[in-house]
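# Observations on chain architecture
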4 protein chains.
Amino acid sequence: MPTSEPIRLGPTSYGKSVVRLVKVIRNAAQHELHDLTVDIALHGDFAGCFERGDNTSMPATDTLRNTVYAFAKHHPLDEIESFGIALASHFRTISPLVTGATVSLTEHPWERISINGQSRDHAFTRAAGERTANIRATSDSITVEAGIDSLLVLKTTASGWEGFHRDQYTTLPDANDRILATSITARWSYGQQTNLPFGDMWRGVRECILATFGDHYSPSVQHTIYRMGRAVLESFPQIERIHFSLPNKHYLLYNLAPFGLENPGEIFHVTSDPFGLIEGTIERQSERARV
Amino acid sequence: MPTSEPIRLGPTSYGKSVVRLVKVIRNAAQHELHDLTVDIALHGDFAGCFERGDNTSMPATDTLRNTVYAFAKHHPLDEIESFGIALASHFRTISPLVTGATVSLTEHPWERISINGQSRDHAFTRAAGERTANIRATSDSITVEAGIDSLLVLKTTASGWEGFHRDQYTTLPDANDRILATSITARWSYGQQTNLPFGDMWRGVRECILATFGDHYSPSVQHTIYRMGRAVLESFPQIERIHFSLPNKHYLLYNLAPFGLENPGEIFHVTSDPFGLIEGTIERQSERARV
Amino acid sequence: MPTSEPIRLGPTSYGKSVVRLVKVIRNAAQHELHDLTVDIALHGDFAGCFERGDNTSMPATDTLRNTVYAFAKHHPLDEIESFGIALASHFRTISPLVTGATVSLTEHPWERISINGQSRDHAFTRAAGERTANIRATSDSITVEAGIDSLLVLKTTASGWEGFHRDQYTTLPDANDRILATSITARWSYGQQTNLPFGDMWRGVRECILATFGDHYSPSVQHTIYRMGRAVLESFPQIERIHFSLPNKHYLLYNLAPFGLENPGEIFHVTSDPFGLIEGTIERQSERARV
Amino acid sequence: MPTSEPIRLGPTSYGKSVVRLVKVIRNAAQHELHDLTVDIALHGDFAGCFERGDNTSMPATDTLRNTVYAFAKHHPLDEIESFGIALASHFRTISPLVTGATVSLTEHPWERISINGQSRDHAFTRAAGERTANIRATSDSITVEAGIDSLLVLKTTASGWEGFHRDQYTTLPDANDRILATSITARWSYGQQTNLPFGDMWRGVRECILATFGDHYSPSVQHTIYRMGRAVLESFPQIERIHFSLPNKHYLLYNLAPFGLENPGEIFHVTSDPFGLIEGTIERQSERARV
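Of the regular secondary structure elements, chain A holds 6 helices and 12 strands. Taken along the three principal axes of its C-alpha coordinates, chain A extends 75 × 70 × 40 Å. Per-residue burial for chain A yields a buried fraction of 48% across its 291 residues. Once local pairs closer than 6 in sequence are excluded, the contacts in chain A between residues at least 24 apart make up 65%.

Spelled out as structure tokens, the structure:
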């Protein structure tokens with residue numbers, strides 16, 4: 001019973017979340033549009049504030065918000081990784097108490113409205129899928145992660161789940177042809193490489209994940225995660241590690257037998273809950289030691 | 001004070017909501033995928049049930065759900081309007097008490113994953129925007145509405161709000177170049193025409209709305225609604241009436257002056273609430289009498 | 001085919017939604033707290049704006065927002081009905097074009113934090129359930145509706161669904177002891193009575209609904225709606241009509257037989273979708289003619 | 001550039017999320033009701049499955065779901081911590097590949113409907129706030145965390161933010177009397193103590209947090225976190241560590257000056273985004289070494 005021990009402050013952080021930023025670049029011909037959500041967290045020695053109510057050298061979260069908008073003025077926002085690096089580099093030295101900063105960014109994609117093959121200069125429609133980045137800056141390093149959020153994908157065949165462990169609570173039959181539906185969340189690490197062609201790489205990783213998702217018979221979500229991760233690491237030597245989090249959204253055959261109808265993989269009902277959740281990291285050999 | 005008057009049952013309805021249906025059509029070459037959410041409401045004389053607890057001739061909402069899946073077996077689901085007509089035609093005579101049915105459908109669009117210009121046969125990714133339909137069947141008529149939900153669009157210029165009414169509570173300045181951002185919800189009526197090429201028309205209306213959204217200087221969301229509605233009615237004589245509901249999502253210039261920066265329409269912050277909400281119907285001359 | 005008919009503007013409205021207002025009344029001893037969300041819609045002849053882009057005499061939705069906060073300064077906000085009446089009375093004459101206004105209000109309830117039976121003067125915690133009001137003002141009348149939102153209730157017994165209509169798509173067995181769970185949404189009309197003790201009545205109606213929900217064997221959600229409505233009208237002669245919308249949230253017995261376990265109404269799983277949805281109005285005899 | 005290094009599998013896990021469980025205990029007099037959401041994650045050596053598609057000894061997530069319902073049959077569910085311990089103890093040995101399990105539980109509170117001071121035996125209404133637990137089992141230990149979710153609290157006075165760090169991006173003025181509003185998420189650790197009176201302790205911690213929230217002038221959310229954490233550790237020697245995550249929900253004075261009105265802390269508008277986010281851990285001296 002640890003009662004007599006002194007009480008102390010453990011890890012802390014604070015910052016501003018859901019800063020919604022839009023920038024319009026008014027080129028003569030066509031406008032460019034960037035739509036971001038930014039979250040900032042500061043790390044450091046905040047014991048004076050937490051323990052004694054002393055705000056000296058504590059930046060206000062409102063200042064963090066202002067800084068995002070001010071920095072956006074001179075940054076092209078073409079790559080959220082580089083904007084995040086600029087912000088995190090600034091925030092890690094914002095006050096003597098601060099020793100590090102984490103900046104998380106989500107880009108909400110828009111595409112030009114196109115009518116009869118002609119794209120409009122100033123009118124846009126929102127596209128599916130979101131690009132994310134996570135930048136962590138300490139006093140002597142900056143590490144860069146990129147990612148994908150909410151990429152909904154589905155295979156109508158070439159997926160199963162067979163030969164698994166059975167115990168007294170197992171009722172699920174083997175399946176060698178089921179629907180596999182998921183919402184891909186992926187995060188991959190560029191380590192301390194801060195000058196990569198982030199946009200090209202992001203589009204390449206996304207295409208690699210989509211191509212792999214559809215190119216094999218999937219004996220499990222687990223194995224498909226591994227194949228997608230391996231394909232990304234093999235194609236992109238700059239990536240050290242990739243992590244996937246995939247909900248297994250259950251599309252279940254509806255029982256039509258009471259109505260005298262067969263249902264050979266045609267009619268499904270979809271359930272919101274519960275869902276399977278499978279997570280896995282694929283990395284280079286040297287990674288675990290390093291991290 | 002109406003105390004002494006008898007109490008009676010007014011309008012009632014009941015049904016099943018959020019029936020999630022997926023159908024896979026397993027053609028030899030490529031699978032087709034249809035992903036719908038269906039809501040059903042029955043109308044009729046349900047006084048026995050409500051007033052006296054007598055369930056005789058009251059269909060269970062579970063039966064409505066079963067019926068959706070059973071009907072999906074033999075319907076191609078290529079057009080949600082025609083599937084809704086089939087369901088509503090059945091439900092309006094499901095029991096002696098029932099005199100009408102409303103079936104609302106939403107199609108969640110998926111598109112084939114395409115890699116290097118080659119589309120996959122069995123792998124899909126979710127697309128943006130949703131197609132809706134609303135079918136109302138009574139004993140002697142069926143009326144068909146189609147619609148669009150959650151179509152996010154944005155113009156970076158060619159939008160303003162000037163010369164409006166000012167009173168003692170007005171602080172908003174005139175604006176002749178603002179961002180216009182909204183999520184288009186539209187509903188249009190085909191009246192009792194149940195054999196139209198619904199898919200072609202839906203795609204045509206959607207394109208007409210998008211084309212009009214971007215083709216003019218918008219002095220107000222109100223005027224843009226009218227122009228979009230008029231364009232649809234002029235292009236599609238089969239449509240009797242169209243209704244729009246558009247939130248005005250406010251993208252506000254961020255004040256960069258305290259930081260010595262100018263902000264000529266470049267840097268915006270986005271607010272979730274509050275938002276303007278503008279609604280309008282555009283219809284043919286004969287409509288109001290008829291409805 | 002109605003092609004040759006002129007196109008015209010049908011019904012329109014516009015306003016501001018999700019205006020979030022908090023007022024603190026700093027009494028010497030204890031602070032009072034009111035937390036509201038307000039939606040406003042204006043009705044009138046807006047053809048000049050919609051059809052020709054002429055904003056003359058069109059109030060800005062931003063002005064509506066300002067007005068809510070300015071009016072809150074001098075109104076105690078003790079009853080959302082009376083605040084809504086004040087706002088709607090003002091908005092219906094805000095400009096020569098405006099002929100009516102609808103103001104919808106939701107009160108988010110807070111209660112004082114109480115420690116060892118002593119309530120704190122300035123510290124609050126959010127309570128469950130929401131109070132709503134809807135005020136419609138035209139040039140010559142004001143009608144008042146009050147309501148309840150999101151009141152989650154559940155009965156573990158004294159509920160069933162038996163003897164219902166069966167057809168070829170029916171698989172549901174009769175049930176004479178099931179869980180009944182729902183989220184009550186109710187709206188009731190005070191007609192043009194604008195000087196009632198709205199707070200006392202709201203609390204009375206809420207208690208009457210809760211008391212009736214639990215006081216009988218429910219043969220159907222439909223019958224329970226009727227009983228709750230009838231009880232309210234019998235207890236409150238000022239109320240002309242009440243409407244209920246109740247989702248039937250399905251709590252289903254989990255099949256424990258494969259594990260050698262009986263399940264006599266003990267273990268349930270809860271599904272989010274689909275759900276039954278039952279709606280009904282109970283009113284005084286004279287109502288339908290009047291409305 | 002780490003290209004030539006072999007690729008390998010890093011950390012993995014999988015399980016079932018959002019298992020919705022309700023149990024009714026049908027005592028003669030009064031029914032008891034327990035309403036839970038359970039998430040399960042398995043940890044272990046799943047390389048065969050991920051790397052080679054071999055499902056041997058891999059439990060299905062559907063089996064995890066069945067197990068939750070089967071175990072609920074014989075467990076009273078009076079304390080979610082003890083139910084979680086039972087589940088995690090079982091899951092950690094569910095197959096030879098599995099070396100550990102994490103079970104997260106949320107209890108959705110219901111309270112008996114009470115009419116005129118008399119509580120109903122079988123009718124309930126949903127209460128605010130949620131109780132959580134997180135149980136981690138490895139082959140040789142079980143650690144227990146309890147928590148609170150979504151406890152919305154607000155102070156109308158005795159809160160400020162002054163004397164903070166200012167730089168060229170700071171515009172926020174000092175405030176010595178503001179509204180402090182937040183949604184408390186707390187997690188505290190009982191270490192490996194699996195036989196505590198979890199229910200009494202949870203209620204005690206909750207009351208301690210609420211009492212501290214309101215008992216002092218808050219110079220910052222940070223300091224209030226520390227005071228709440230310290231109070232909990234001082235009152236409950238069994239607790240080793242507590243972590244808080246508090247969004248600072250901004251309630252901002254509305255500018256009434258343009259309307260000739262003063263606003264001395266009376267009229268506020270509430271914004272959803274952005275929000276401050278403050279996190280902190282308070283722990284006993286020996287903790288950090290141990291974890």
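After that view of the structure, there is still more to cover.
Okay, the interface of chain A and chain D next. Taken together, the 76 residues of chain A in the interface contact 76 residues of chain D. At 14 residues, the largest contribution of residues to the side of chain A that touches chain D is made by strand 1 (residues 7-26) of chain A. A breakdown of the residues in the side of chain A that touches chain D according to their chemical character gives 31 nonpolar, 27 polar and 18 charged. Pairing between strand 1 of chain A and strand 12 (residues 275-284) of chain D: 9 bridges, direction antiparallel. Looking at strand 12 of chain D, one finds that T12 of chain A is bridged to G280 of chain D.

Turning our attention to helix 5 (residues 221-235) of chain D. Over its 15 residues, helix 5 of chain D extends 21 Å from the first C-alpha to the last, a length consistent with the 21 Å expected when each residue adds 1.5 Å. Buried within helix 5 of chain D are the following residues: V221, Q222, H223, T224, I225, Y226, R227, M228, G229, V232 and L233 of chain D. Packing partners of the buried residues in helix 5 of chain D comprise strand 1 and helix 1 (47-52) of chain A together with strand 8 (180-189), helix 4 (198-213), strand 9 (241-248) and strand 12 of chain D.

Residue-level contacts link 7 residues of chain C with 7 residues of chain A. Its residues assigned to classes, the side of chain C that touches chain A shows 3 nonpolar, 3 polar and 1 charged.

As a further point, take the domain arrangement of chain A. All names here are of chain A. Domains assigned within chain A are domain 1 (11-140) and domain 2 (146-291). The centre of domain 1, based on its C-alpha atoms, is set 29 Å off from the matching centre of domain 2. Sort the elements by how many residues they give to the side of domain 1 that touches domain 2 and strand 6 (residues 130-138) lands first, with 4 residues. For the side of domain 1 that touches domain 2, a count of residues per class yields 2 nonpolar, 4 polar and 5 charged.

Superposing chain A onto chain D takes a rotation of 180° combined with a translation of 0.0 Å along the rotation axis, leaving an RMSD of 0.0 Å. As the rotation angle and translation indicate, the two copies are arranged about a two-fold axis. The share of interface residues of chain A whose copies in chain D are also at the interface is 100%, consistent with both copies meeting through the same surface.

What follows covers helix 5 (residues 221-235) of chain C. Most of helix 5 of chain C is tucked away: 11 of the 15 residues are buried. Those residues of helix 5 of chain C that are buried are in contact with strand 1 (7-26) and helix 1 (47-52) of chain B together with strand 8 (180-189), helix 4 (198-213), strand 9 (241-248) and strand 12 (275-284) of chain C.

Attention now goes to the environment of A88 of chain D. All names here are of chain D. Looking at the secondary structure, you find A88 in helix 3 (residues 80-91). Residue class for A88 comes out buried when judged on the 23 C-beta atoms lying within 10 Å of it. Counting along the chain gives 126 residues from A88 to G214, while the straight-line C-alpha distance between them is 37 Å. Not counting chain neighbours up to four residues away, the residues in contact with A88 comprise A101, V103, I135, A137 and I142.

Expressed as a screw operation, the relation of chain C to chain A combines 0.0 Å of axial shift with a rotation of 180°, fitting to an RMSD of 0.0 Å. Looking at chain C, 100% of its interface residues are interface residues in chain A too, so the copies touch through the same face.

It is worth spelling out the packing of helix 4 (residues 198-213) of chain A against helix 5 (residues 221-235) of chain A at this point. The angle between the axes and the distance between the axes are what describe a pair of packed helices. All names here are of chain A. As a packed pair, helix 4 and helix 5 sit with axes 9 Å apart at the nearest point and diverge in direction by 140°. Taken together, the axes of helix 4 and helix 5 are oblique relative to one another. For helix 4 against helix 5, the interelement crossing comes out right-handed. Between helix 4, through G204, V205, C208, I209, T212 and F213, and helix 5, the contact on the second element is made entirely by T224, R227, M228, A231, V232 and S235.

Mapped onto the fold, Y69 of chain B is located in helix 2 (residues 61-74). The class of Y69 of chain B is buried, set by 22 C-beta atoms lying within 10 Å. C-alpha separation for the pair Y69 of chain B and K23 of chain B, spaced 46 residues apart in sequence, amounts to 9.2 Å. Beyond its immediate stretch of four places on either side in the chain, Y69 of chain B contacts Y254, L256, I267 and H269 of chain A together with L21 of chain B.

Attention now goes to the pairing of strand 1 (residues 7-26) of chain C. Two strands pair when backbone bridges link them, and strand 1 of chain C and strand 2 (residues 31-44) of chain C are joined in this way by 11 bridges, in the antiparallel orientation. Each bridged residue has a counterpart across the sheet, and for L21 of chain C the counterpart in strand 2 of chain C is L36 of chain C. In terms of strand pairing, strand 1 of chain C meets strand 11 (residues 267-270) of chain D through 3 bridges, oriented antiparallel. Each bridged residue has a counterpart across the sheet, and for L21 of chain C the counterpart in strand 11 of chain D is H269 of chain D.

Let's shift gears to the packing of helix 2 of chain B against helix 3 (residues 80-91) of chain B. Residue and element names in this part refer to chain B. One way to put it is that helix 2 packs onto helix 3 with a least axis distance of 11 Å and a crossing angle of 135°. Classified by the angle their axes make, helix 2 and helix 3 are oblique. The handedness of the crossing between helix 2 and helix 3 comes out as right-handed. Between helix 2 and helix 3, the contacting residues are L64, T67, V68 and F71 on the first element and A86, L87, H90 and F91 on the second.

Reading the values: rules and limits
- Residues numbered from 1 in each chain as written.
- Chains lettered and ligands numbered in written order.
- Predicted model: local features only at pLDDT ≥ 70, side-chain atom pairs only at ≥ 80, totals over all residues.
- Helix = DSSP H or I, 4+ residues; strand = E, 2+ residues; numbered from the N terminus.
- Buried ≥ 20, exposed ≤ 12 C-beta atoms within 10 Å, placed from the backbone.
- Contact = placed C-beta atoms within 7 Å.
- Nonpolar A, V, L, I, M, F, W, Y, C, P; charged D, E, K, R; others polar.
- Pairing = 2+ DSSP bridges.
- Expected span 1.5 Å × (residues − 1).
- Domains from an automatic or database assignment.
- Least-squares fit on C-alpha atoms with pLDDT ≥ 70 in both.
- Axes fitted to C-alpha atoms, helices over the stretch in contact; angles between N-to-C directions.
- Parallel < 35°, antiparallel > 145°, perpendicular 65-115°, else oblique.
- Left-handed = near helix turned anticlockwise from the far one by under 90°.

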